[in-house]
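# Architecture and fold: a report
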Amino acid sequence: MLRWLQYSSAVVLFGAPLFLLHSFGAPAVPNLIQARAALFVAAGVVALGSLAALVAQTAVMAGSLSEAVRPASLSFMVTGTALGMAMAARAGLALLGLAAILAMRPGRALWALTATTGLAVVASFAWTGHGAATDGAGGLVHLTADIVHAAAAALWLGALTALTILLLRRTGPDDLAIHRALDGFSGLGTLAVVLLVLTGLVNSWFLVGPARVMEIGASPYGQLLIAKLALFALMLALAARNRFRLTPALGSALAGGQDPRPAFQRLRHSVLAETLAGALLLAVVAVMGTLAPPSAM
């Protein structure tokens with residue numbers, strides 16, 4: 001649960017402000033107070049979740065919770081292990097983002113700072129997962145692929161969160177700006193998908209291996225990987241429907257002076273379904289991170 005909460009909040013902290021930064025450059029933009037609230041919650045959950053995970057991991061290594069909360073134990077975990085250092089850094093970055101969200105008004109400066117902080121938070125997960133466990137010459141390649149994979153996923157899923165908020169609180173004056181954002185997201189979405197596929201293949205090479213591809217369903221990790229790929233395919237189908245059918249239909253309704261509410265309703269349902277599929281995918285990834293991959297067996 002801690003891993004899922006951190007993953008879900010981290011994607012919002014990076015992908016949502018990057019989407020807002022990319023989509024709303026004009027002076028007249030929708031009211032983004034709710035997006036700011038979502039970022040505030042995301043930063044708080046990452047900070048608290050990282051600290052809780054640090055204590056929990058220390059308890060595992062120290063043998064008891066009472067020993068884990070001792071300053072000496074926590075200090076050793078943070079300074080003596082890459083895992084503890086990554087968790088502490090993640091908490092610190094999230095707190096930095098939280099302070100910025102509290103101190104700054106919604107706008108491009110805040111989105112840029114939060115997206116930068118969020119990217120560092122997302123990258124830190126590579127040091128607490130399988131990406132940092134590969135030894136030898138391939139270690140840097142695997143770690144880099146893991147970071148890019150996580151960033152691409154956060155870009156897509158965080159943007160979906162921002163889109164969901166905009167569609168749920170849609171008002172008439174915002175219709176054109178929301179349509180432009182939906183239409184403009186296609187480039188970022190395509191980039192995210194390409195990066196996910198390429199880095200996913202690299203990660204699978206290290207974690208599954210070409211010799212074990214045909215036996216992928218024999219292990220719990222492999223079964224969850226299949227479930228992850230099925231959810232990814234579902235999200236791709238929904239994204240393609242949004243891009244090639246529902247968004248153009250909304251544009252036609254707005255250009256023709258028709259009532260755009262039915263088109264918005266269809267888009268709202270589709271984007272919400274895609275977002276929920278993404279949340280479930282993150283839950284699968286969170287469990288996969290606790291299991292030994294086939295290459296380690």
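The rules behind each value
Numbers given to residues run from 1 along each chain, matching the order in which its sequence is written. Side-chain atom pairs in this predicted model are given and counted only at pLDDT of 80 or more, local residue features only at pLDDT of at least 70, and totals for whole chains, interfaces and linings cover all residues. Each side-chain value is worked out from all heavy atoms of the structure, with water and hydrogens disregarded. Elements are defined by DSSP. Helices are runs of H or I of four residues or more, strands are runs of E of two residues or more, and each kind is numbered from the N terminus. In this treatment the radius of gyration is a C-alpha quantity, and the globule benchmark scales as 2.2 Å times the residue count to the 0.38 power. Exposure is judged per residue with a 1.4 Å probe applied to protein chains only, and the accessible area is read against the type maximum: over 50% gives exposed, under 20% gives buried, and values in between give partly exposed. In this tally, Lys and Arg are treated as positive and Asp and Glu as negative; His is ignored, and so are the chain termini. In this description, the location of a charge corresponds to atom NZ of lysine, CZ of arginine, CG of aspartate or CD of glutamate. In a helix, the anticipated span is given by 1.5 Å times the number of residues less one. By nonpolar core is meant a set of buried Ala, Val, Leu, Ile, Met, Phe, Trp, Tyr and Cys residues that side-chain atoms within 4.5 Å join together. Both cavities and pockets are sets of points on a 1 Å grid over the protein atoms alone; in a cavity a 1.4 Å probe fits but cannot get out, in a pocket the set is open with protein on both sides within 12 Å along at least five of seven lines, and lining residues sit with an atom within 4 Å of a point. Grid points are joined across faces, edges and corners, and a volume is the space filled by probe spheres set on the points. All residues other than Ala, Val, Leu, Ile, Met, Phe, Trp, Tyr, Cys, Pro, Asp, Glu, Lys and Arg, Gly among them, are scored as polar; the first ten of these are nonpolar and the last four charged. Residues forming no salt bridge and having over 30% relative accessible area are the ones grouped into patches, like charges within 9 Å of each other and nonpolar side chains (Val, Leu, Ile, Met, Phe, Trp, Tyr) within 5 Å. Computed by Shrake-Rupley with a 1.4 Å probe, the accessible areas treat only the displayed protein chains as cover when residues are assessed. Salt bridges are counted wherever a side-chain nitrogen of Lys or Arg sits within 4 Å of a carboxyl oxygen of Asp or Glu. Two rings from Phe, Tyr or Trp (for Trp, the six-membered ring) form a pair when their centres sit within 6.5 Å of each other. Planes less than 30 degrees apart are called stacked, planes more than 60 degrees apart edge-to-face, and all others tilted. The rule for a charge over a ring is simple: NZ of Lys or CZ of Arg within 6 Å of the ring centre, and within 35 degrees of the ring normal. The axes are straight lines fitted to the C-alpha atoms, using for helices just the contacting stretch, and the angles between their N-to-C directions are given from 0 to 180°. Roughly parallel refers to an angle under 35 degrees, roughly antiparallel to one over 145, roughly perpendicular to one between 65 and 115, and oblique to any angle outside these ranges. Note: crossing handedness is left-handed where the near helix turns anticlockwise from the far helix by less than a right angle, and right-handed where it turns clockwise. Residue contacts follow a heavy-atom distance rule, with two residues in contact if any of their heavy atoms lie within 4.5 Å.

### Section: the overall build of the chain
Across its full length, the chain carries ten helices and zero strands. Computed over C-alpha atoms, the radius of gyration of the chain comes to 20 Å, within 12% of the 19 Å expected from 2.2 N^0.38 for 297 residues, which places it in the range of a compact globule. Dimensions of the chain along its principal axes, counting C-alpha atoms only, are 65 × 50 × 30 Å. For the chain, buried positions account for 45% of its 297 residues. Here the chain holds 17 positive side-chain charges and 9 negative ones, and the gap between their average locations is 7 Å.

### Some thoughts on helix 5 (residues 82–103)
Taking 1.5 Å as the rise per residue, helix 5 with 22 residues should run 32 Å; its terminal C-alpha atoms sit 31 Å apart, in good agreement. Along helix 5, the residues classified as buried are Gly84, Ala86, Met87, Arg90, Ala91, Ala94, Gly97, Leu98, Ala100 and Ile101.

### Brief notes about the nonpolar core
Counting 67 residues, the largest nonpolar core has Phe14, Phe19, Phe24, Trp156, Phe185 and Met235 as its most contacted members. For this core, the secondary-structure elements that each account for two or more residues are helix 1 (2–23), helix 2 (33–62), helix 5, helix 6 (108–124), helix 7 (139–168), helix 8 (175–207), helix 9 (220–255) and helix 10 (261–288). The element best represented in this core is helix 7, accounting for twelve residues.

### Quick notes on the layout of surface pockets
Here the largest pocket is characterised by a volume of approximately 1000 Å³. Around the largest pocket sit 43 residues that line it, and Asp146, His149, Asn203, Lys228 and Val285 are the ones nearest its centre. Of all the elements in the fold, those that place two or more residues in the lining of the largest pocket are helix 1, helix 6, helix 7, helix 8, helix 9 and helix 10. Broken down by element, the residue count for the lining of the largest pocket peaks at eight residues, all from helix 8. The class makeup of the residues in the lining of the largest pocket is 31 nonpolar, nine polar and three charged.

### Quick word on a nonpolar patch on the surface
Among the surface-exposed residues, Phe40, Val41 and Leu102 lie close enough to one another that they form a single nonpolar patch of about 290 Å² accessible area. Among the structural elements, Val41 can be located in helix 2.

### Here's the deal with the environment of Leu280
Looking at the secondary structure, you find Leu280 in helix 10. Overall, Leu280 belongs to the partly exposed group, its relative accessible area being 48%. Counting along the chain gives 52 residues from Leu280 to Lys228, while the straight-line C-alpha distance between them is 8.8 Å.

### Points about the packing of aromatic side chains
Any aromatic ring pair is given by two values, namely how distant the centres are and how the planes are angled relative to each other. Overall, the coordinates contain three aromatic pairs when judged by the stated rule. Ring centres of Phe19 and Phe185 lie 5.7 Å apart, and the angle between their planes is 80°; this geometry places the pair in the edge-to-face category. Of this pair, Phe19 sits in helix 1 while Phe185 sits in helix 8, and the two are 166 residues apart along the sequence. Summarising the burial analysis for this pair, Phe19 and Phe185 share the class buried. In this structure, Arg90 packs its charged tip against the face of Phe125, placed 3.9 Å from the ring centre.

### Concerning the packing of helix 7 against helix 9
Packing of helix 7 against helix 9 leaves a shortest axis separation of 13 Å and a crossing angle of 45°. Classified by the angle between their axes, helix 7 and helix 9 sit oblique to one another. Regarding helix 7 and helix 9, the two cross each other, and that crossing is left-handed. Across from His149, Trp156, Leu157 and Leu160 in helix 7, the residues of helix 9 making contact are Lys228, Phe232, Met235, Leu236 and Ala239. Class assignment of the residues belonging to the contact of helix 7 with helix 9 gives a composition of seven nonpolar, one polar and one charged.

### As for the environment of Leu102
Tracing the sequence through the fold places Leu102 in helix 5. Overall, Leu102 belongs to the exposed group, its relative accessible area being 58%. The spacing of Leu102 and Tyr7 is 95 residues in sequence and 22 Å in space, taken between C-alpha atoms. Excluding residues that lie within four positions of it along the chain, Leu102 makes contacts with Arg36 and Phe40.

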